[in-house]
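The residues making up each chain are set out below.
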Amino acid sequence: MKILHIAGGGDRGGAKTHILALCSRLKEEHQLKLLSMRKGEFADDARKLGIDTMEIQSGLLLRDFRIAKNAVREFAPDIVHCHGAKANTVGVYLKMTLGCTVITTVHSDYRLDYMHSFLRRQTFGRVNSAALRLVDYHVTVSDNFKKMLIQRGFCPNNILTIYNGLDFSTPTPDFDRAEYLRQCGLDYEEGDVVLGIAARLTPVKDIPTLLRAFAKAHGREPRLKLLIGGDGEDMEKLMNLAKELGVEQQACFCGWVTDIGKFFKACDIDVLCSISESFPYSILEGVKEHCAVITSDVGGMQKLIDHGQNGFIFQPGDVETFADYMVRLASDDALRHSFAEKLLEKASRIYSLEGMAARQSEIYRTIAARQARGKRNGVVICGAYGRGNSGDEAILDAIITTMRQLDPLSPLTVMTRKPLETKLLHEVDAVYTFNALKFRRAMRHARLFINGGGSLIQDVTSSRSLYFYLYTIHAARRLGCKVQMYGCGVGHVGAPSNRRLAGRVLNRSVDIITLRDTISQQELLEMNVTKPQVRLAADPALSLAPASDEAACRFLEKQGVPADGNYICFALRPWGDFHDFGVFAQAAEYAYRQYGLTAVFLPIEVPRDMTACRQTVSKLQTPHYVISEAPEDVCLTMALLRRMKLVCGMRLHSIVFSAAACVPFFAVSYDIKVSGFMKYIGLSQHCCGLEEVSAPWLCRQIDELVKAPDPQQAQAIRQRLVESEAENSRAAAELLGLAQPPAAD
């Protein structure tokens, strides 16, 4: 591919390292050209690395833009890749005049780039903010920055992440450390422990926190010395602060560092105290030279550092904690060296320069393939999402995961009650469920519309919801989408007029319906739905993998539930006029007294299910626990259920998850979808209607499942469900025109 990189040309520090390191590797695979919008050191260093570099600096901005335009027209790149505010502006100009595909790497929080200058913030800062909205794709160097952009309204489908990489294979030559430090101006003595930081001396780096923490730490550990490499507008102010704190002799400001390897090789501990970063190169550079690390919790530091195992992380501005960590590492040589070696092993394995270049090339190929598809590309997913129900969110998670596996090039859009929450959680685009203008616009550009799981075609809750979901199916077909009802339940549709309407819309608008139970299949037959292909599958959530057992234990202990206990789980919900939750309290007491099982009440939909939990525990005399906080994701909910000895479920997904985890369970059915699932898996004898439930029936279920569990039957049910669930993805692949995934073994 032909790739044009554009940089402002005044780049220094981590941004410069990233651009030059990346281009030096990418030129081996791509035809690459670098455009520097300033003459000087940056362009000179690029040429030394063998990068084809062009400098533009005529003295007139508009003339520079025209020169850049002519150079780009002559080079004819497949992708224009920008770095920094000035480059972003040039990139947008090229997009508008030449139709270039433009991407930018977000190296920093653009709102903080000019925080030291009101005038620059209101000019360059605002222009850059506008330019960032107009480029086609954004590359972030940390997950934190990706979430930052999503929160600020950037489209998640067009944000891609790459982690900074460094060449760990080239060692820095040995030198006289003491002589180097003294030449820098540090009052160094043998045995001193040197803290080092290489950073621009600007407000975002928060050097005052470093100086205050150092002053406190030096009072407790006199061997500590501080070497500050960098320049900037805050230099004089910071030197005065060091004097006020009484550490002007122990803290040395050595100016801008040209040989960063030598700088960190002379240090023992690499420190960072910024209030905002993407993924700071200065940390990787220190790690390469065997420095231990103390850093503020910014950028991707939690990805690199396992706190307390190979480094320390503190919250930005926390002087006391920062000082404590300085003292701990300075006073314990063995710990300091252990942290340094562990971190070097991890960083060199994960954050290599080769890995960064390979990921960037993958991003280029993805963008090029998307552009080649044209405007109609993507999947719109509609369902009862964003309402706090972990069962519905499990369905969404499963569908998104499957769609990404089937076709990584398809952008995904979800209709949800909480668009921002869905964007952040799943990193997909999202529109408010009832914003007809936005979801119709998404359908115009999509290839496939998914009516996503759950029992959406029913009028038990209301006819309004039925009409809405039928309308979305009808609209998707009219706007050119293929339509799939994905791993769903159907019914019950009671009103005759609603049954006729549903049958008519489904026959005219749906291509394939995959069902999670046979009762739904019968419901479709009775509504004369005969034109779409109808295939038996299973609940999409069965494709998800539970979180780790360790994560489940941590969550339980956070909720005050001992992780090593023996538990019976109750997943209850309020329903209609039912208030006899005392029968569940009697069953819980029986399980405790007869088998030593302590009741754990797990709400699947928070806070709605808490009402049923409270009504039950108010009548309970034996020990019990109530999970009051919703697990952070459905995979954690599945892991929690896997730790139970027995599950009593009203909520459908409590029994679906139990089946997936091979945990014994029985069900109390408030709706046809629950009894339909139990019938589908051949466990109707372990299901009772809500209107018929009694304490004796619940106790008999406990007796039977505790005394005579059948693990072979549980494994067989799980295997059959997993195999059936794969039919959902096969149907989607067929509608997308993709190679169909193989059947499960």
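Structural data are supplied above this passage.
The structure presented is a predicted model; accordingly, all values stated were derived computationally and were not measured.

> Sorry if this is basic, but what is going on with empty space enclosed by the protein here?
Which parts of space are left empty comes out when a probe the size of a water molecule is rolled across the atoms. Scanning all chains against the criterion turns up 1 cavity of 30 Å³ or more. What lines the largest cavity is simply Ser455, Gly489, Val490, Gly491, Asp517, Ile519, Ser520, Ile672 and Lys673. Contributions of two or more residues to the lining of the largest cavity are made by strand S18 (482–490), helix H21 (518–526) and helix H27 (672–680). A class-by-class count of the residues in the lining of the largest cavity yields 3 nonpolar, 4 polar and 2 charged.

> What's the story with helix H28 (residues 695–707) in this structure? I'm lost.
Residues three or four positions apart in an α-helix share a direction because the helix packs 3.6 residues into each turn. Helix length check: H28, at 13 residues, gives a terminal C-alpha distance of 18 Å against a target of 18 Å (1.5 Å per residue), a fit within 8%. Where H28 is buried, its residues contact strand S21 (567–571), helix H23 (582–595), strand S24 (646–649), strand S25 (665–669) and strand S26 (687–689).

> Before we go on, may I ask you to explain unusual backbone geometry in this structure?
Among all residues save glycine, negative phi is the norm, and among peptide bonds the norm is trans. The linkage connecting Gly491 with the following residue, His492, adopts the cis geometry, with an omega of 5°. Geometrically, the link from Val606 to Pro607 is a cis peptide bond, its omega value of 5° lying close to zero. The residue Pro607 is located in the loop between strand S22 (598–601) and helix H24 (610–617) in this model. In the Ramachandran plot, Asp206 falls in the positive-phi region, its phi being about 50° despite a non-glycine side chain. Along the chain, the position of Asp206 falls in the loop between strand S8 (193–198) and helix H8 (207–220). Classification of Asp206 by relative accessible area gives buried; the value is 14%. Phi is positive for Cys662, close to 60°, though the residue is something other than glycine. Tracing the backbone through its elements, the reader meets Cys662 in the loop between helix H26 (652–661) and S25.

> Would you mind showing me how to read the pairing of strand S1 (residues 2–7) here?
On a regular strand, each side chain points to the face opposite its neighbour's, so the side chains alternate between the two faces of the sheet. Judged by how many residues are buried, S1 sits mostly within the fold: 5 of 6 residues are covered. The parallel pair S1 and strand S2 (residues 31–36), bridged by helix H1 (residues 13–26), forms a crossover whose chirality is right-handed. Examined bridge by bridge, S1 and strand S4 (residues 79–83) share 5 bridges and lie parallel to one another. Looking at the pairing, Ala7 lines up with His83 of S4.

> I keep staring at the sheet that holds S26 and nothing clicks. Help me out?
Where strands meet in a sheet, backbone hydrogen bonds hold them as pairs that are either parallel or antiparallel. The 6 strands lie next to each other as S23-S22-S21-S24-S25-S26, forming an open sheet whose pairing is parallel. Edge strands, defined here as strands with exactly one partner in the open sheet, are strand S23 (624–626) and S26. Here the strands of the sheet are splayed against their neighbours by 15° on average, with no regard to which way each runs. Of the pairings in the sheet, the one linking S24 to S25 comprises 3 bridges and is parallel in character. Looking at the pairing, Val647 lines up with Phe665 of S25. Of the strands in this sheet, S22 and S23 are in contact with H24, which crosses S23 at around 160°. Along the sheet, H27 contacts S25 and S26; its crossing angle with S25, the most-contacted strand, is approximately 145°.

> Whenever I open this one, the packing of helix H16 (residues 390–406) against helix H29 (residues 711–736) confuses me. Can you help?
Helix packing for two helices is described by the angle between their axes and how far apart those axes are. Where H16 contacts H29, the two axes come as close as 10 Å, and the packing angle between them is 50°. Considered as vectors, H16 and H29 are oriented oblique to each other. Of the two elements, H16 crosses H29, and the hand of that crossing is right-handed. Contact residues: Thr402, Met403 and Leu406 in H16; Ser729, Ala732 and Ala733 in H29. Here the contact of H16 with H29 is composed, by residue class, of 4 nonpolar, 2 polar and no charged.

> It is not clear to me how helix H11 (residues 281–288) should be interpreted in this structure. Could you clarify?
Across the 8 residues of H11, 8 count as buried, placing the element largely inside the fold. All of the buried residues along H11 are Tyr281, Ser282, Ile283, Leu284, Glu285, Gly286, Val287 and Lys288. Two residues or fewer past H11, His290 is found with a positive phi of approximately 70°.

> Please explain the layout of surface pockets as it appears in this structure.
In this model, the second largest pocket occupies a volume close to 1000 Å³. Taken together, 34 residues make up the lining of the second largest pocket; nearest its centre are Cys155, Asn157, Asn158, Pro411 and Asp429. Of all elements in the fold, only helix H5 (118–134), strand S6 (137–140), helix H15 (353–373), strand S14 (379–382), helix H17 (419–426), strand S16 (429–432) and helix H18 (436–445) reach the threshold of two or more residues within the lining of the second largest pocket. Taken together, the residues that form the lining of the second largest pocket break down as 15 nonpolar, 10 polar and 9 charged.

> Can you help me understand the nonpolar core in this one?
Nonpolar side chains tend toward joint burial in soluble globular proteins. Core analysis: the biggest nonpolar cluster contains 79 residues, and Phe570, Phe584, Val668, Phe677, Met678, Leu698 and Leu721 have the highest contact counts within it. Among the nonpolar cores identified, the runner-up in size contains 44 residues, and Ile51, Ile162, Val298 and Leu304 belong to it.

> Looking at this structure, I do not really get the packing of aromatic side chains. What am I missing?
When we look at a pair of aromatic rings, we describe it by the centre distance and by the angle of the planes. Overall, the coordinates contain 21 aromatic pairs when judged by the stated rule. When the ring of Phe434 is compared with that of Phe468, the centres are 4.9 Å apart and the planes differ by 65°; the resulting orientation is edge-to-face. Taken together, the residues span a long stretch of sequence, with Phe434 in the loop between S16 and H18 and Phe468 in helix H19 (residues 463–478) at a distance of 34 residues. Phe468 sits in the buried class, given a relative accessible area of 15%. Ring pairing ties together the aromatic residues Tyr432, Phe434, Phe439, Phe468, Tyr469 and Tyr471, which thus form one cluster. Stacked on the ring of Phe75, the Lys or Arg Lys2 has its end atom at 5.0 Å from the ring centre.

> Would you mind going over the environment of Pro411 with me for this structure?
Here Pro411 lies in the loop between H16 and strand S15 (412–416). Every residue in contact with Pro411, bar those within four places of it in the chain, is listed here: Asn157, Asn377, Gly378 and Val379.

> Explanation requested: the pattern of salt bridges in the structure shown.
Close approach of charged atoms allows side chains with opposite charge to pair. Using the criterion set out here, one finds 42 salt bridges in the structure. Note that Arg447 and Asp407 form a salt bridge whose closest N and O atoms lie 2.9 Å from each other. In this pair, Arg447 sits in the loop between H18 and strand S17 (448–457) while Asp407 sits in the loop between H16 and S15, placing the two residues 40 residues apart along the sequence. What makes Asp407 buried here is its relative accessible area of 4%. Salt bridges sharing common partners tie together Lys16, Glu41, Asp45 and Lys48.

What counts as what
- Along each chain, residue indices are assigned from 1 in the same order as the chain's sequence is written.
- Two thresholds apply to this predicted model, a pLDDT of at least 70 for residue-level local features and 80 or more for giving and counting side-chain atom pairs, whereas whole-chain, interface and lining totals are computed over all residues.
- Think of the side-chain values as coming from all heavy atoms in the structure, minus any hydrogens and water.
- Residues are said to line a cavity or pocket when one of their atoms sits within 4 Å of a point; the points come from a 1 Å grid over protein atoms alone, cavities being sets where a 1.4 Å probe fits but cannot get out and pockets being open sets with protein on both sides within 12 Å along at least five of seven lines.
- Grid points are joined across faces, edges and corners, and a volume is the space filled by probe spheres set on the points.
- Think of it this way: any DSSP run of H or I at least four residues long counts as a helix, any run of E at least two long counts as a strand, and we number them from the N terminus.
- Here the term charged refers only to Asp, Glu, Lys and Arg, the term nonpolar to Ala, Val, Leu, Ile, Met, Phe, Trp, Tyr, Cys and Pro, and the term polar to all other amino acids, Gly among them.
- Any helix carries an expected span of 1.5 Å times its number of residues minus one.
- Throughout, a residue-residue contact means that at least one pair of heavy atoms, one from each residue, lies within 4.5 Å.
- Only protein chains enter the accessibility calculation, which uses a 1.4 Å probe; a residue whose area is less than 20% of its type maximum is buried, one above 50% is exposed, and one in between is partly exposed.
- Call a crossover right-handed when, viewed with both strands pointing away from you, the route from the first strand across the helix to the second goes clockwise.
- Think of it this way: DSSP has to see at least two bridges between two strands before they count as a pair.
- What counts as an axis is a line fitted to C-alpha atoms, over the stretch in contact for a helix, and the angles between N-to-C directions run from 0 to 180 degrees.
- For classification, angles of less than 35 degrees are called roughly parallel, those exceeding 145 degrees roughly antiparallel, those between 65 and 115 degrees roughly perpendicular, and all remaining angles oblique.
- When the near helix sits turned anticlockwise from the far one by under a right angle, the crossing is termed left-handed; a clockwise turn instead gives a right-handed crossing.
- In these notes, a set of buried Ala, Val, Leu, Ile, Met, Phe, Trp, Tyr and Cys residues joined through side-chain atoms within 4.5 Å is what counts as a nonpolar core.
- Two rings belonging to Phe, Tyr or Trp (six-membered ring only in the last case) form a pair when the distance between their centres is within 6.5 Å. Interplanar angles under 30 degrees mark stacking, angles over 60 mark edge-to-face geometry, and anything in between is tilted.
- Only when the NZ atom of a Lys or the CZ atom of an Arg is both within 6 Å of the ring centre and within 35 degrees of the ring normal do we say a charge sits over the ring.
- Every case where a carboxyl oxygen of Asp or Glu lies within 4 Å of a side-chain nitrogen of Lys or Arg is listed as a salt bridge.

Limitation: the analysis is restricted to geometry and does not speak to function.
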